[in-house]
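These are the residues of each chain, in order.
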Amino acid sequence: MVGREHTRRTAIAVTLAAACALALGACGDDGDDTEASGARDDEPTETTVAEAADDGAEDGTGDGSGDGAVTGPCKNLTEDELTGVIGEVADATGRGGEPVFLRSDGSEFNYVVDGCTFEVAVPGDDEPHEYAIYTGTPPEGIDLYEEFEVGRRPEDMEPVDGLGERAFVDHTFGNQKVELIVDLGDGSALFVESQPPFGVPVADTPTLVALAELALGEG
């Protein structure tokens with residue numbers, strides 16, 4: 001517990017892999033965590049940051065050192081900043097993988113995920129409120145933001161100004177999950193998710209925007 005408390009007092013961007021090792025013993029991907037979304041065949045998978053760094057070396061998104069270096073949007077996040085926006089973080093893990101994006105015409109492509117997931121305890125509930133911040137990088141020639149934009153109903157899209165090239169909050173999943181998607185201007189996109197336990201409201205738009213600004217280094 002002493003090691004865990006020490007980790008939580010340090011910058012998450014530097015010690016995320018250590019948080020996995022100390023708090024969970026191991027927080028690798030179980031390979032079975034998939035969720036139908038209407039656009040993606042599966043969700044990004046949970047990994048340690050060291051694993052994500054090694055995987056990233058193969059596709060150009062990491063240094064492959066395996067030394068726990070944090071890449072992607074999580075490198076800009078600190079414990080104090082996160083606490084100020086979403087409350088005290090109880091646990092943190094890396095988020096990586098290559099989800100499949102399914103188009104309405106039946107075609108598909110994989111995109112590379114790089115980021116992290118945070119759990120915030122909910123008073124009176126055994127399940128935490130899960131937040132995720134990660135980038136999605138598609139194959140060359142594909143604009144990931146536009147792929148998500150085209151696949152959403154206009155009534156489920158809430159435009160957001162002042163973030164990246166374009167941004168919107170996706171309300172497709174109602175009270176189960178809400179997702180802010182930001183166009184980074186190079187084909188890739190930033191995702192900020194709020195997935196609370198049953199009966200707990202999803203994060204509001206200002207909270208999602210604040211997290212995106214921290215990840216983009218604008219907070």
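Our structure's up above, just so we're on the same page.
Residues numbered from 1 in each chain as written. Predicted model: local features only at pLDDT ≥ 70, side-chain atom pairs only at ≥ 80, totals over all residues. Heavy atoms only, no water.

A. Main features of the packing of helix H4 (residues 79-86) against helix H6 (residues 205-215). Following both chains from N to C, one finds H4 and H6 inclined at 170 degrees, their axes separated by 10 Å at the closest point. As the angle between them shows, H4 and H6 are arranged roughly antiparallel. Taken as a pair, H4 and H6 cross one another with a handedness that is right-handed. Contact residues: Glu-81, Leu-82, Val-85 and Ile-86 in H4; Thr-207, Ala-210, Leu-211 and Leu-214 in H6. Residue composition of the contact of H4 with H6, grouped by class: six nonpolar, one polar and one charged. (Axes fitted to C-alpha atoms, helices over the stretch in contact; angles between N-to-C directions. Helix = DSSP H or I, 4+ residues; strand = E, 2+ residues; numbered from the N terminus. Parallel < 35°, antiparallel > 145°, perpendicular 65-115°, else oblique. Left-handed = near helix turned anticlockwise from the far one by under 90°. Contact = heavy atoms within 4.5 Å. Nonpolar A, V, L, I, M, F, W, Y, C, P; charged D, E, K, R; others polar.)

B. Inspection of the pairing of strand S6 (residues 129-137) at higher detail. Buried residues dominate S6, accounting for seven of its nine residues. Direction of pairing for strand S5 (residues 112-120) relative to S6: antiparallel, over a ladder of nine bridges. When the sheet's bridge partners are listed, Val-112 is paired in S6 with Thr-137. Bridge analysis of S6 against strand S10 (residues 189-195) gives seven bridges, and the strand direction is antiparallel. Along S10, the bridge assignment pairs Gly-136 with Ala-189. (Buried < 20%, exposed > 50% of the residue type's maximum accessible area, 1.4 Å probe, protein only. Pairing = 2+ DSSP bridges.)

C. Broad picture of the nonpolar core. Membership of the largest hydrophobic core comes to 27 residues, with the highest contact counts inside it found for Leu-77, Ile-86, Phe-118, Ile-133, Leu-163, Leu-180 and Val-192. Of all the secondary structure elements, the ones that give two or more residues to this core are H4, strand S2 (89-97), S5, S6, strand S8 (166-170), strand S9 (178-183), S10 and H6. Apart from residues no more than four positions distant in its own chain, Leu-180 is found in contact with Val-160, Leu-163, Ala-167, Phe-168, Val-169, Leu-190, Phe-191, Val-192, Leu-208, Val-209 and Ala-212. (Core = buried A, V, L, I, M, F, W, Y, C linked by side-chain atoms within 4.5 Å.)

D. Seen up close, H6. Counting buried residues along H6, eight of its 11 residues qualify, which places the element largely inside the surrounding structure. In this structure, the buried side of H6 is in contact with H4, S6, strand S7 (157-159), S8, S9 and S10. Trailing H6 by a residue or two, Gly-217 shows a phi angle of about 75 degrees, which is positive.

E. Broad picture of the state of the cysteines. Tallied over the entire structure, the rule returns one disulfide. Put simply, Cys-74 and Cys-116 are joined by a disulfide, and their sulfur atoms are 1.7 Å apart. Torsion about the S-S bond of the Cys-74 and Cys-116 cystine: about -100 degrees, corresponding to left-handed handedness. A residue pair is termed long-range when its members are at least 10 positions apart, and Cys-74 in the loop between helix H3 (49-59) and H4 and Cys-116 in strand S5 qualify at 42 residues. Look at Cys-74 and you get buried, because its relative accessible area is 2%. (Disulfide = S-S within 2.5 Å.)

F. Inspection of the pairing of S8 at higher detail. Among the five residues in S8, four count as buried, and that is most of the element. In this antiparallel pair of consecutive strands, S7 and S8, the connection spans six residues, and Gly-162 shows a positive phi of 85 degrees.

G. Molecular detail of the pattern of salt bridges. Within the structure shown, the criterion is met by nine salt bridges. Glu-147 serves as the salt-bridge partner of Arg-103, at 2.9 Å between the closest nitrogen and oxygen. Placement of Arg-103 in the loop between strand S3 (100-102) and strand S4 (108-110) and of Glu-147 in helix H5 (residues 144-150) is noted, with a sequence separation of 44 residues between them. In this structure, Glu-155 engages Arg-153 in a salt bridge whose closest nitrogen and oxygen atoms are separated by 3.8 Å. The class for Glu-155 is exposed, based on a relative accessible area of 57%. Connected via shared salt-bridge partners are Asp-143, Glu-146, Glu-149, Arg-166 and Asp-183. (Salt bridge = Lys/Arg side-chain N within 4 Å of Asp/Glu carboxyl O.)

H. Expanded view of the side chain of Asp-114. If you trace the backbone, Asp-114 turns up in strand S5. A distance of 3.2 Å separates a polar atom in the side chain of Asp-114 from the backbone nitrogen of Gly-72. (Polar contact = N/O pair within 3.5 Å; in protein donor to acceptor, adjacent residues only side chain to side chain.)

Interpretation note: all reported values are geometric properties and have no functional meaning in isolation.
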